[in-house]
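Structure at a glance
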Amino acid sequence: MYVLGTEELKSAEHILRGLFPESLRVYGCLYNINRGKPYNWEVISDSWPDFRAIICKPKLQSRQDYQDREGDCNMCHIYAKDKESLQNLLGTSGLLDWSQFTLLAGVDGKHLDAVKELAACKNTPTKMQGFMFAMTLEDSNHLKDPESDLASRLKPLTTAHAELVNSTWKYGSSKCSYNSIVSYISNYPSLCVTAEDGTPVSWLLMSHHGTLGLLYTSPEHRRKGHARLLVTTMARALLEQGRPIYAFVEEGNNPSYSLFTSLGFSHKPDFRPVWFQLNPR
């Protein structure tokens with residue numbers, strides 16, 4: 001087990017960029033760590049520099065200082081080249097507390113049996129939270145200008161909008177989720193379409209792991225191109241900065257899947273990242 005320091009984190013970011021889409025979530029964490037964004041993670045690999053598995057997780061001693069959804073869920077982001085390497089890393093003494101609620105985010109579905117086997121050995125109950133599509137955009141030429149007159153009503157969100165966003169988020173409504181949203185808005189790009197009175201009616205945020213997410217349009221404003229405008233505008237801005245563009249769309253969320261594919265996003269057919277829960281809440 002190897003805890004990455006400052007220079008190793010920079011090297012790992014570069015290596016992981018060549019391992020998309022499987023490495024996207026850990027890459028996004030490292031991208032923000034290396035640019036001083038305020039989330040207190042530690043990054044651990046099975047070896048260095050020739051690692052085969054790597055995990056980004058909240059520092060145990062500081063979780064109580066991070067009362068947001070990531071801390072509340074003890075959310076760990078994982079990349080592994082094969083299931084044996086994943087099992088060996090997760091089974092390392094002291095890496096995880098197997099008696100504690102933990103959400104493993106982004107586990108390759110092909111490696112899931114290794115996690116289940118390890119959990120069974122430790123008598124840890126598990127629960128599948130969901131399979132995702134890892135949607136990536138490689139080329140801004142796929143983005144077409146939406147036929148919309150709403151450009152003048154495009155604005156960044158402010159923290160004053162966090163409660164509104166929290167009230168509509170599938171994983172929202174708690175104080176911890178509210179704190180996550182405040183952090184997202186404070187530290188990363190966000191965008192909304194406002195009504196004439198300035199109230200947001202559609203929005204898009206970016207998370208600590210670099211994912212486009214929390215995309216939402218209020219029911220009375222749907223089917224007007226708001227979401228298409230938001231994704232197109234933000235994706236173009238991020239591509240101009242040289243950033244990879246990606247979103248995780250839950251299987252069964254057909255409207256979001258159709259939107260992203262229509263904008264040129266695609267996913268690797270044999271890669272399904274999994275959100276997998278250790279222990280009940």
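Criteria and thresholds
The numbering scheme is per chain: residues are counted from 1 as the chain's sequence reads. The predicted nature of this model means local features are confined to residues of pLDDT at least 70 and side-chain atom pairs, given and counted, to a pLDDT of 80 or more, with totals for whole chains, interfaces and linings taken over all residues. Hydrogens and water molecules were not included; the side-chain quantities draw on all heavy atoms of the structure. UniProt positions are given in the numbering used here, feature names are shortened, and annotations may be inferred rather than shown by experiment. Note on conventions: DSSP H or I runs of at least 4 residues are helices, E runs of at least 2 residues are strands, and numbering of each starts at the N terminus. A pair of strands counts as paired when DSSP detects no fewer than two bridges linking them. In this scheme, a residue with accessible area under 20% of its type's maximum is buried, one over 50% is exposed, and one in between is partly exposed, where area comes from a 1.4 Å probe on protein chains only. Note on definitions: a residue-residue contact is assigned when non-hydrogen atoms from the two residues lie within 4.5 Å. The working definition used for a salt bridge is a side-chain nitrogen of Lys or Arg within 4 Å of a carboxyl oxygen of Asp or Glu. Residue count minus one, scaled by 1.5 Å, sets the expected span of a helix. When we speak of the arc, we mean the arc of directions from the helix axis to the C-beta atoms. Think of it this way: a Phe, Tyr or Trp ring, Trp meaning its six-membered ring, pairs with another when their centres are within 6.5 Å, and the plane angle makes it stacked under 30 degrees, edge-to-face over 60, tilted otherwise.

- The name given to the protein in an unreviewed UniProt entry is Glycine N-acyltransferase-like protein, with Anguilla anguilla as the source organism.
- Turning to the protein, the UniProt record has this under Sequence similarities (unreviewed entry): "Belongs to the glycine N-acyltransferase family."

Let's talk about the UniProt feature "domain: N-acetyltransferase" (unreviewed entry) in the protein
- Those residues carrying the UniProt feature "domain: N-acetyltransferase" (unreviewed entry) are residues 152–281 in this numbering.
- For residues 152–281, helix accounts for 34% and strand for 24%, while the C-alpha atoms at its two ends are 44 Å apart.

Some words on the pairing of strand E10 (residues 212–217)
- Note: strand E9 (residues 200–206) against E10, four bridges, orientation antiparallel. By the bridge assignment for E10, Trp-203 is matched with Tyr-216.

Overview of the environment of Tyr-171
- Of note, Tyr-171 is situated in the loop between helix H6 (162–168) and helix H7 (175–187).
- Since its relative accessible area comes to 29%, Tyr-171 is described here as partly exposed.
- Dropping the residues within four chain positions of it, Tyr-171 is found in contact with Arg-69, Gln-129, Ser-177 and Glu-250.

What to know about unusual backbone geometry
- Here Phe-20 and Pro-21 are connected by a cis peptide whose omega angle stands at 0°.
- You can see Pro-21 is positioned in the loop between helix H1 (6–17) and helix H2 (24–33).
- Across the junction of Trp-48 and Pro-49, the peptide omega takes the value 5°, indicating a cis bond.
- Here Pro-49 lies in the loop between strand E2 (41–45) and strand E3 (53–58).
- The phi dihedral of Leu-214 falls on the positive side, at around 55°, and the residue is not glycine.
- By the secondary structure assignment, Leu-214 is in strand E10.
- With relative accessibility at 18%, the residue Leu-214 sits in the buried group.
- Its identity is not glycine, yet Arg-223 carries a phi of approximately 65°, on the positive side.
- Considering the arrangement of structural elements, one finds Arg-223 in the loop between E10 and helix H8 (226–240).

Considerations on the pattern of salt bridges
- Applying the stated rule across the entire model yields nine salt bridges.
- One salt bridge connects Glu-7 with Lys-10, and the closest N-O pair in it is separated by 3.6 Å. Taken as a pair, Glu-7 and Lys-10 lie in helix H1 at a separation of three residues, close to a single helical turn.
- Owing to a relative accessible area of 51%, Glu-7 belongs among the exposed residues under this scheme.
- Across the pair Glu-251 and Arg-272 runs a salt bridge whose closest N-O atoms are separated by 2.7 Å. With a gap of 21 residues between them, Glu-251 in the loop between strand E11 (245–250) and helix H9 (254–262) and Arg-272 in the loop between H9 and strand E12 (273–278) connect regions that are remote in the sequence.

Section: H1
- When the terminal C-alpha atoms of H1 are compared, their 17 Å separation across 12 residues agrees well with the 16 Å that a helix rising 1.5 Å per residue should span.
- Regarding H1, the residues found buried are Glu-8, Leu-9, Ala-12, Glu-13 and Leu-16. One side of H1 holds all its buried residues, which, seen down the axis, span an arc of 145°. Seen from the open side of H1, the exposed residues pointing more than 90 degrees away from its buried face are Glu-7 and His-14.
- Structurally, H1 contributes buried residues whose contacts are with strand E1 (2–3), H2, E2, E3 and strand E4 (75–80).

Observations regarding the packing of aromatic side chains
- Under the counting rule described, the total for this entry stands at 10 aromatic pairs.
- Ring geometry for Tyr-2 and Trp-48: centres 6.3 Å apart, planes at 15°, overall stacked. Of this pair, Tyr-2 sits in strand E1 while Trp-48 is found in the loop between E2 and E3, placing the two residues 46 residues apart along the sequence.
- Judged by relative accessible area, which is 24%, Trp-48 ranks as partly exposed.

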